[in-house]
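Chain by chain, the residues run as shown.
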Amino acid sequence: MADLLDVGFIQAVFGDGEAPEGASPVLQILSVKKINSASSASSGVVDRYRAILSDGEYFGQAMLAVNLNPLIDSKEIDKFSIIKLRSYTTNAVQGRRLLILLEFDILESVYNEKIGEAVNIEHAVANGTVSRAPAGNANAAPKAEPKGRAGGAGPGPARGGARQGGGKDVGPLFPIESLSPYQNKWTIKARVSAKSEIKHWSNQRGDGKLFNVTFMDESGEIRATGFNEQCDNFYDLLEEGKVYFVSRARINIAKKQFNNVNNEYEIAFERETAIEPCDDASVPQIKYNFKRVDELADLNKDDMCDIIGVVREVHDLSSVTSKATQKPFAKRDIQIVDQSGQAVRLTLWGKQAESFAHDDSPVIAFKGVKVGDFGGRSLSMFSSATMSVNPDINEAHALRGWYDSAGRNTQFNAYTSTMAGRSDNSAPRLNELKTIGEAKDENLGMRDKTDYFTTAAVVAFIKSENFSYPACANPDGCNKKVIEDGNGTYVCDKCDKHWPEPIHRYILSMNCMDHTSSFWITAFNEVAEKLLGISANDLWKLKEGGDEQQFQSYFTKAAGRSYTFEMMAKQDSYNEQVRVRYTCRKAGIPDFVAESAYLSQQIALFNI
Ligand SMILES: [Zn+2]
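What counts and how
Residues numbered from 1 in each chain as written. Predicted model: local features only at pLDDT ≥ 70, side-chain atom pairs only at ≥ 80, totals over all residues. Heavy atoms only, no water. Helix = DSSP H or I, 4+ residues; strand = E, 2+ residues; numbered from the N terminus. Buried < 20%, exposed > 50% of the residue type's maximum accessible area, 1.4 Å probe, protein only. Contact = heavy atoms within 4.5 Å. Pairing = 2+ DSSP bridges. Donors = N, O, S within 2.8 Å, 3.2 Å for Na, K, Ca; no water. Tetrahedral: all angles 85-135°; square planar, octahedral: opposite > 155°, others 65-115°. Axes fitted to C-alpha atoms, helices over the stretch in contact; angles between N-to-C directions. Left-handed = near helix turned anticlockwise from the far one by under 90°. Nonpolar A, V, L, I, M, F, W, Y, C, P; charged D, E, K, R; others polar. Salt bridge = Lys/Arg side-chain N within 4 Å of Asp/Glu carboxyl O. Polar contact = N/O pair within 3.5 Å; in protein donor to acceptor, adjacent residues only side chain to side chain. Core = buried A, V, L, I, M, F, W, Y, C linked by side-chain atoms within 4.5 Å. Phe/Tyr/Trp six-rings, centres within 6.5 Å; stacked < 30°, edge-to-face > 60°. Lys NZ or Arg CZ within 6 Å of the ring centre and 35° of its normal. pLDDT = per-residue confidence, 0-100.

Engineer: Would you explain the overall build of the chain in this entry?
Structural biologist: For the chain, the helix and strand inventory stands at eleven helices and 31 strands. Taking all 608 residues of the chain together, 42% fall into the buried category. Put simply, of all contacts in the chain between residues at least 6 apart along the chain, 62% involve residues at least 24 apart.

Here it is, written out as structure tokens:
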């Protein structure tokens, strides 16, 4: 069970006094104790708690930041709880080193036993069993020996010795799951489950290229990146589906914004990196967690999923221009069906789209495709996704049998935009928000069709001139503009009626901004009334009444507030000039709690 904990962390921290950068180890709390027992609520002294933390090998002293106190008071953490440290610092208190816990996740609130036979790190340091190594991560805490996984399902019999092409100083075999920046001598035996195309970039600092591969073994997956020279050295050598020994590469904290492999760490190939092919096929094949096609409706936009199905339609290759980069790329849609009777469109991109040449209804398994909500539900293949044609797995054989006997003649349901997708009253999906800068950069509204988007912005200024127009007073809600007919009444062309006076309706022009840009948007009656807090007709009367100050106060009061605006962008010709007209369809009060939670999630992806 000691494998549960990140052995090596306590030694790294207390041995050299330097907390390894960016680590988030799993540790067990052996005890928690209040230290300033003299305190009480009335004295105004805040309780401090001390904890003893174990990594299964050593234990050491830690203090909890005061804002974590409620976790102890509520017993969410207690003796033997298992935590994953998110943020911490170290300190020397009265000559003793102390780990200060700032933030952590609780993995097991209630755990009944002590894991491992951890010994006191201070004793180990005192009697020289553990030395105070010089600062620096590389040699901070080499693990004495990798631990096999629970149940003895280790990486194979070759561990630590009889490897092919051995003899080099590359270290023992490790399961992928146990790799961390704390060891520098390791070798993994892993299968390449995905390989990207070579990506080129060019910026002020120069040109470069890179590629990624995903390695997998029984214990898990990890992604590796090779830049420039390493791209030349390893790109051709590494083939999807084959098994390799990999050693002497750097382990970094995963950059989650570029990497959706489920691992805290990632590998960077270096000049010293050694990669050798391996004949041993005992390393597992790609693991799938398939969703049925009809289950896609339960997933959210941008979720990743694995799917297997029969390819029923293959559409022609086409080319689209990326809204974001303005570059053209190849695209091909295929339709996938399964026994659920549901069909879904899946889009292939780039080389995969160009080289797709299967017109015989193959069964294809996809790993790591992205869910979109175009037409209700659709799928899109990411660069990290993999596609396996007619794989030798049970699910594929079952699909083959079903399709050839019955499926071929089945009528399938297609996803349509009314089936999924959010209802009109739900809050905007925060991951769908566009900044004003993005809306402009992507030229939204510059094409023939209308573009819709949601943005979070602050109202900077509202024009008080021409804020409304005189509208038809017909109670059935005609809303047409009326014209004074010269007899002191107002005529509506549409209803063919004369009204003693019109009803004023808003056509509000306002400037809104966010951190990227600003734009002018138009808001009509319903939205404008919500923003100003008064009907256009009442506001008009106020202006007519001559109380300019009170009239203006409505406009100044409404500025400076934040909203989520549901927008429409559309081309508009005015005096022979084409421009984009932005209209606000709905303005919502932001859900600050939800937005903060979303933002902290996004920030966490940077691993700062
Ligand atoms: Zn009318």
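Engineer: Mind showing me how you'd approach the pairing of strand β3 (residues 58-64) here?
Structural biologist: Two faces, one strand: in a regular strand the side chains alternate between the faces of the sheet. Burial of β3 is extensive: seven of the seven residues sit out of reach of the surface. Side-chain alternation along β3 places Tyr58, Gly60, Ala62 and Leu64 on one buried face and Phe59, Gln61 and Met63 on a second face that is also buried. Here β3 pairs with strand β6 (residues 119-120) via two bridges, running parallel. For Phe59, the partnering residue across the bridge sits in β6 and is Asn120.

Engineer: Help me understand the coordination of the zinc ion in this model?
Structural biologist: Think of it this way: four donors in a tetrahedron around the metal ideally sit 109.5 degrees apart, and six in an octahedron ideally sit 90 or 180 degrees apart. Taken together, Cys472 (SG), Cys478 (SG), Cys492 (SG) and Cys495 (SG) make up the full set of protein donors to the zinc ion, lying 2.3 Å away. Taken together, the four donor atoms coordinating the zinc ion and their angles of 103 to 113° define a geometry best described as tetrahedral. All donors of the zinc ion belong to a single chain; written as a sequence motif, their spacing is C-x5-C-x13-C-x2-C. Residue class for Cys495 comes out partly exposed when judged on its relative accessible area of 23%.

Engineer: Hey, could you run me through unusual backbone geometry in this one?
Structural biologist: Peptide bonds are, in most cases, trans, and in most cases residues other than glycine have a negative phi. Residue Asn228 is not a glycine yet carries a positive backbone phi of 40°. Within the secondary structure, Asn228 is located in helix α4 (residues 228-234). Non-glycine residue Asn390 carries a positive phi angle of around 45°. As for its placement among the helices and strands, Asn390 is situated in the loop between β21 (378-389) and α6 (394-405).

Engineer: Sorry, what's going on with the packing of helix α9 (residues 536-544) against helix α10 (residues 548-558) here?
Structural biologist: In a pair of packed helices, the angle between the axes and the distance between the axes together describe the arrangement. Relative to each other, α9 and α10 sit at 145°, their axes nearing to 8 Å. Of the two elements, α9 crosses α10, and the hand of that crossing is left-handed. Taken together, the residues of α10 that come into contact with α9 (itself represented by Leu539, Leu542 and Lys543) are Glu548, Gln550, Phe551, Tyr554 and Phe555. Each residue belonging to the contact of α9 with α10 can be placed in one class, and the counts come to five nonpolar, one polar and two charged.

Engineer: Would you mind going over the pattern of salt bridges with me for this structure?
Structural biologist: Opposite charge on two side chains permits pairing when their charged atoms draw close. Evaluated as defined, the whole model comprises 20 salt bridges. The salt bridge involving Glu239 is made with Lys242; its shortest N-O contact spans 3.4 Å. According to the relative accessible area criterion, Glu239 is partly exposed, its value standing at 38%. Put simply, Glu442 and Lys434 hold a salt bridge, and the shortest N to O gap is 3.0 Å. Judged by its relative accessible area of 13%, Glu442 falls in the buried class. Of the residues examined, Lys434 reaches a relative accessible area of 23% and is grouped as partly exposed. Counted as one network, the salt bridges with shared partners bring together Arg292, Asp294 and Glu295.

Engineer: How do you make sense of α9 when you look at a structure like this?
Structural biologist: One turn of an α-helix holds 3.6 residues; hence residues three or four places apart share an orientation. Buried residues of α9: Ala536, Asn537, Leu539 and Leu542, and no others. Of the residues one or two after α9, Gly546 is the one with positive phi, at around 90°.

Engineer: Would you mind going over the sheet that holds strand β27 (residues 497-499) with me for this structure?
Structural biologist: In sheet architecture, strand pairing relies on hydrogen bonds along the backbone and comes in two forms, parallel and antiparallel. Read from one edge of the open sheet, three strands run β25-β26-β27, paired in antiparallel fashion. Since the sheet does not close on itself, it has two edges, and those belong to β25 (483-484) and β27, each with one partner. As paired elements, strand β26 (residues 490-492) and β27 share three bridges and run antiparallel to each other. The residue bridging Val491 from the neighbouring strand is His498, located in β27.

Engineer: Explain the environment of Arg505 to me, please; I cannot follow it from the model alone.
Structural biologist: As for its position among the elements, Arg505 is in strand β28 (residues 503-513). Counting along the chain gives 24 residues from Arg505 to Lys481, while the straight-line C-alpha distance between them is 9.1 Å. The contacts of Arg505, once residues within four sequence positions are left out, are Phe467, Ser468, Tyr469, Ala471, Asn479, Asn525 and Ala536. A polar side-chain atom of Arg505 sits 3.0 Å from a polar atom in the side chain of Asn479.

Engineer: Looking at this structure, how should I read the nonpolar core?
Structural biologist: Side chains of a nonpolar character, in soluble globular proteins, are inclined to be buried together. In terms of nonpolar packing, the biggest core is built from 34 residues, with Tyr506, Leu508, Met510, Ile521, Leu532, Leu539 and Phe565 touching the most fellow members. Not counting residues within four places of it along the chain, the set of residues in contact with Leu508 comprises Ile462, Lys463, Phe467, Ile521, Thr522, Ala523, Ala528, Leu532 and Phe555. Of all hydrophobic cores here, the second largest spans 29 residues; its members include Val13, Tyr49, Leu53 and Val130.

Engineer: When you look at the side chain of Arg377 in this model, what are you seeing that I'm missing?
Structural biologist: Tracing the sequence through the fold places Arg377 in the loop between β20 (363-372) and β21. Owing to a relative accessible area of 5%, Arg377 belongs among the buried residues under this scheme. Within the local environment of Arg377, its side chain forms a polar contact with the backbone oxygen of Leu296, the two atoms lying 3.1 Å apart.

Engineer: Sorry, what's going on with the packing of aromatic side chains here?
Structural biologist: A ring pair, where both rings are aromatic, is described by two values, the distance of the centres and the angle of the planes. Evaluated as defined, the whole model comprises 18 aromatic pairs. Centroid distance Phe215 to Phe269: 6.4 Å. Interplanar angle 70°. Geometry classified as edge-to-face. Of the two residues, Phe215 is situated in strand β9 (residues 206-217) and Phe269 in the loop between β13 (265-268) and β14 (274-278); the sequence distance between them amounts to 54 residues. Here the two residues Phe215 and Phe269 agree in accessibility, since each one is buried. With 5.2 Å between their ring centres and 65° between their planes, Phe551 and Phe555 make a pair best called edge-to-face. One end of the pair is Phe551 and the other is Phe555, both in helix α10 and four residues apart, which spans about a single turn. Classification of Phe551 as buried rests on a relative accessible area of 0%. According to the relative accessible area criterion, Phe555 is buried, its value standing at 4%. Through pairs of rings, three or more aromatic residues link up here, namely Phe211, Phe215, Phe234, Tyr235 and Phe269. Just above the ring of Trp520 sits the side chain of Lys463; from NZ or CZ to the centre is 5.1 Å.

Engineer: What should I look at first to understand the confidence of the model for the chain in this one?
Structural biologist: Detailed reading of the predicted model is not advised wherever pLDDT is low. On average, residues of the chain score 81 in pLDDT, and 84% of them reach the 70 mark or higher. Of all secondary-structure elements in the chain, the lowest mean pLDDT belongs to strand β4 (residues 82-93), at 78, while β28 reaches the highest, 95. In this model residues 133-169 is a low-confidence stretch, pLDDT under 50, and it forms 60 contacts with partners more than four residues away in sequence or in other chains.

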